[in-house]
Amino acid sequence: MITATDLTLTFGKGTPLENPALRGMSLTVNQGEFVTVIGSNGAGKSTFLNALAGEVMVDSGKIIVDNQDVTKLPTYKRAGSVARVFQDPLAGTCEGLTIEENLALAIKRGQRRGLSAAVKGRYLEQFKSSLASLNLGLENRLGDKMGLLSGGQRQAVSLLMASLTPSAILLLDEHTAALDPKTASFVLALTTQIIEQQKLTALMVTHSMKQALEVGDRTVMLHQGQVVFDIAGKDREGLEVKDLLELFEKQRGLEITDDSLLLG
Amino acid sequence: MLSNIAFYGAIETGLIYGLVAFGIYISFRVLDFPDLTVDGSFPLGAAVAAVLIIEGVNPWLATGAAVIAGMGAGAVTALLNVKLNILNLLASILTMIALYSVNLRIMGRPNIALLTEETVLTPWYNLDLEFHQVPVVLFTLVVLVGLVLLWRFMKSETGLAMRATGANPRMARAQGIATGAMIVLGVALSNGLVGLAGALFAQSQGAADVTMGVGVIVIGLASLIGGEAVLTPSSVVRALIACVIGAIIYRLAIALALNADFLGLQAQDLNLITAVLVTLAIVLPGVRTSVIARLTRKKA
């Protein structure tokens, strides 16, 4: 479970480029919930995710993950309870390390690292069976450098790495946005499969309203650093993109001008 | 072309610079941290070892102290970068400059002679070996032990965390790796190896001198890049072997260049030769690739 209360964050405070990214943003995600987050450019989606992960520190407000106040903790101290997949397929893995070395890094996420061999014999079966579940033939390429894989393959492995050890929440930051449509739908299907199988609590930022309604069990829309609406359960069933837009206009009395949101 | 003594001398210093190249491999390659501290930590290691040896301390203990001193110097550079947010290159230059004064303070004078003292090499002269072969045998052992330990470390959980820190810090943090601590540990380890090299160099050359660190970074880099040009560093162990091979080739090339009378080169031309060799080592792999590409295209 994760609770964010009244988060504020302003970039470039006191400069001409002052940019308030979060303005009193609050959100509670319950155990086992899969929440999709939408919003136009600059709505604060990525900043919110970065604040949850610890990559940026909020100016005020409180972030509680699994009953622990993590507001002031740096990224690496939160990593035990927060797993992430980035938008850039190259960002979630190390291309100079082998597939098994990347997985070995991930299996120790948030734990103490000692001087014993990183890639242990007893990990290999687990690595192989989880790679086999991707159906990409990677289970026979454990010793290959990560850099030899395509963007889609690397994103699939990133997803696997994020789910290799338990976490309180999985953060997905537009993780299919940089992939071609076919690979994107493969990675998205894989995402829902992993989240369902392991009953993960997840927060997925997406640029596409369609995608936001298709997967997950709750949808949150951000606008100007705040939650403008939050729908789940019966209200969300059968909802279409045009309904979302109407809902948004009704709530805010605003026109959405960001074409990418309409087209996505 | 080379006399026996000049040949063994080149191997001996090559092995010592192999240790320096290990250190530079950790900072420049593993951590992507351009660290010039080595120009100060090399004479620091020499100074600490020399002072302790003339005080009558066991030479191996003195050498161990030199390693710790080197690690301290590296830790200072890394902390300036990590805690005070000073640019890594600048942080290392600050430490390097400061070490010049520190080294003079440690030695109390610009140089200390060790010719008559007992060093780590002394017991080995009792073995049935030629005089100029002794340092080669001992330093080969030291380099081999260092290579195996470093290789094992880079394959360990902590070593892997260090490699991830240099390759993709954002991913490393997301995996719960304290990247700042990894940088401190790595740069300390790197300069500990350089301190060791300085201590051994002083003992084999018979003196520690405050100016002996000038250009160590360039020689170390030349060894690293030259080794990588000869042996493609596709794995950690190959990269480490490349460091040693590069350092030995570099010293042999220097010895050959200085011994080839028809070239008319003298000792003062050393830095010029180094610069030329480094340039060649950087450029040649590219030339080789394009030549191979052209040849295979002709075949096809």
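Since we're looking at a predicted model, the values are computed, not measured.

Asks: Explain the overall build of chain A to me, please; I cannot follow it from the model alone.
Replies: Helix and strand content of chain A: 10 helices and 10 strands. Expected size for 264 residues packed as a compact globule is a radius of gyration near 18 Å; at 19 Å, chain A falls within 12% of this value. In chain A, 69% of the contacts between residues at least 6 apart in sequence involve partners at least 24 apart.

Asks: How do you make sense of the packing of helix H6 (residues 157–167) of chain B against helix H8 (residues 179–205) of chain B when you look at a structure like this?
Replies: To describe two helices that pack against each other, one gives the angle between their axes and the distance between the axes. All names here are of chain B. In the contact formed by H6 and H8, the axes pass within 9 Å of each other and the chain directions differ by 105°. Our classification of the angle between H6 and H8 gives roughly perpendicular. Residues Ala161, Met162 and Thr165 of H6 touch H8, and the partners they reach there are Thr179, Met182, Ile183, Leu185 and Gly186. The residue makeup of the contact of H6 with H8, split by class, is five nonpolar, three polar and no charged.

Asks: Quick question: what am I supposed to make of the UniProt feature "transmembrane region" (unreviewed entry) in chain B here?
Replies: All names here are of chain B. If you check UniProt for "transmembrane region" (unreviewed entry), the listed places come out as residues 6–26, 60–80, 87–106, 134–153, 174–201, 207–227, 239–258 and 270–291 in our numbering. From the first C-alpha to the last, residues 134–153 spans 29 Å; its make-up is 100% helix and 0% strand. A helix fraction of 100% and a strand fraction of 0% characterise residues 270–291, whose end C-alpha atoms lie 30 Å from each other.

Asks: Would you take a moment to explain the sheet that holds strand E9 (residues 218–223) of chain A for this structure?
Replies: The strands making up a sheet associate through backbone hydrogen bonding, with each pair oriented either parallel or antiparallel. All names here are of chain A. With mixed pairing, six strands are arranged side by side in an open sheet as E6-E7-E8-E3-E9-E10. At either end of the open sheet lies a strand with only one pairing partner, and these are strand E6 (82–85) and strand E10 (226–232). Taking the axes of each pair of neighbouring strands and ignoring which way they run, one obtains an average angle of 20° across the sheet. Pairing geometry for strand E3 (residues 34–38) and strand E8 (residues 202–205), over four bridges, is parallel.

Asks: Help me understand the pairing of strand E7 (residues 169–173) of chain A in this model?
Replies: All names here are of chain A. When you tally the buried positions in E7, you get five out of five residues, the bulk of the element. Two strands pair when backbone bridges link them, and E6 and E7 are joined in this way by four bridges, in the parallel orientation. Bridge pairing in E7 links Ala83 to Leu170. As paired strands, E7 and E8 are joined by four bridges and run parallel to one another. Note on E8: the bridge partner recorded for Leu171 is Leu203. At this point the chain moves from E7, through helix H6 (residues 181–198), to the parallel E8, and the crossover so formed is right-handed.

Asks: Sorry if this is basic, but what is going on with unusual backbone geometry here?
Replies: Peptide bonds are, in most cases, trans, and in most cases residues other than glycine have a negative phi. Residue and element names in this part refer to chain A. With a phi close to 50°, Asp6 is a non-glycine residue in the positive phi region. Position of Asp6 among the secondary structure elements: in strand E1 (residues 2–11). Overall, Asp6 belongs to the partly exposed group, with 13 C-beta atoms counted inside 10 Å. One non-glycine residue, Lys199, lies in positive phi territory at about 50°. Within the secondary structure, Lys199 sits in the loop between H6 and E8. Lys199 gets classed as exposed once you count the C-beta atoms within 10 Å, which come to 9.

Asks: What's the story with the interface of chain A and chain B in this structure? I'm lost.
Replies: Interface size is commonly expressed as the accessible area that is lost once the parts come together. Each partner contributes to the interface: chain A provides 25 residues, whereas chain B provides 18 residues. Class assignment for the residues of the side of chain A that touches chain B results in 12 nonpolar, eight polar and five charged.

Asks: When you look at the pairing of E9(A) in this model, what are you seeing that I'm missing?
Replies: A regular strand carries its side chains on alternate faces of the sheet. All names here are of chain A. Taking burial as the measure, the six residues of E9 include five buried ones, the bulk of the element. In the sheet, E3 pairs with E9 via four bridges, with the strands oriented parallel. If you follow Thr36 over to E9, its bridge partner there is Thr219. Of the strand pairs in this sheet, E9 and E10 are connected by six bridges, and their pairing is antiparallel. Bridged to His223 within E10 is Gln226.

What counts and how
- Residues numbered from 1 in each chain as written.
- Chains lettered and ligands numbered in written order.
- Predicted model: local features only at pLDDT ≥ 70, side-chain atom pairs only at ≥ 80, totals over all residues.
- Helix = DSSP H or I, 4+ residues; strand = E, 2+ residues; numbered from the N terminus.
- Rg over C-alpha atoms; globule rule 2.2 N^0.38 Å.
- Contact = placed C-beta atoms within 7 Å.
- Axes fitted to C-alpha atoms, helices over the stretch in contact; angles between N-to-C directions.
- Parallel < 35°, antiparallel > 145°, perpendicular 65-115°, else oblique.
- Nonpolar A, V, L, I, M, F, W, Y, C, P; charged D, E, K, R; others polar.
- UniProt positions renumbered as here; feature names shortened; annotations may be inferred.
- Pairing = 2+ DSSP bridges.
- Buried ≥ 20, exposed ≤ 12 C-beta atoms within 10 Å, placed from the backbone.
- Right-handed = clockwise from strand over helix to strand, strands pointing away.

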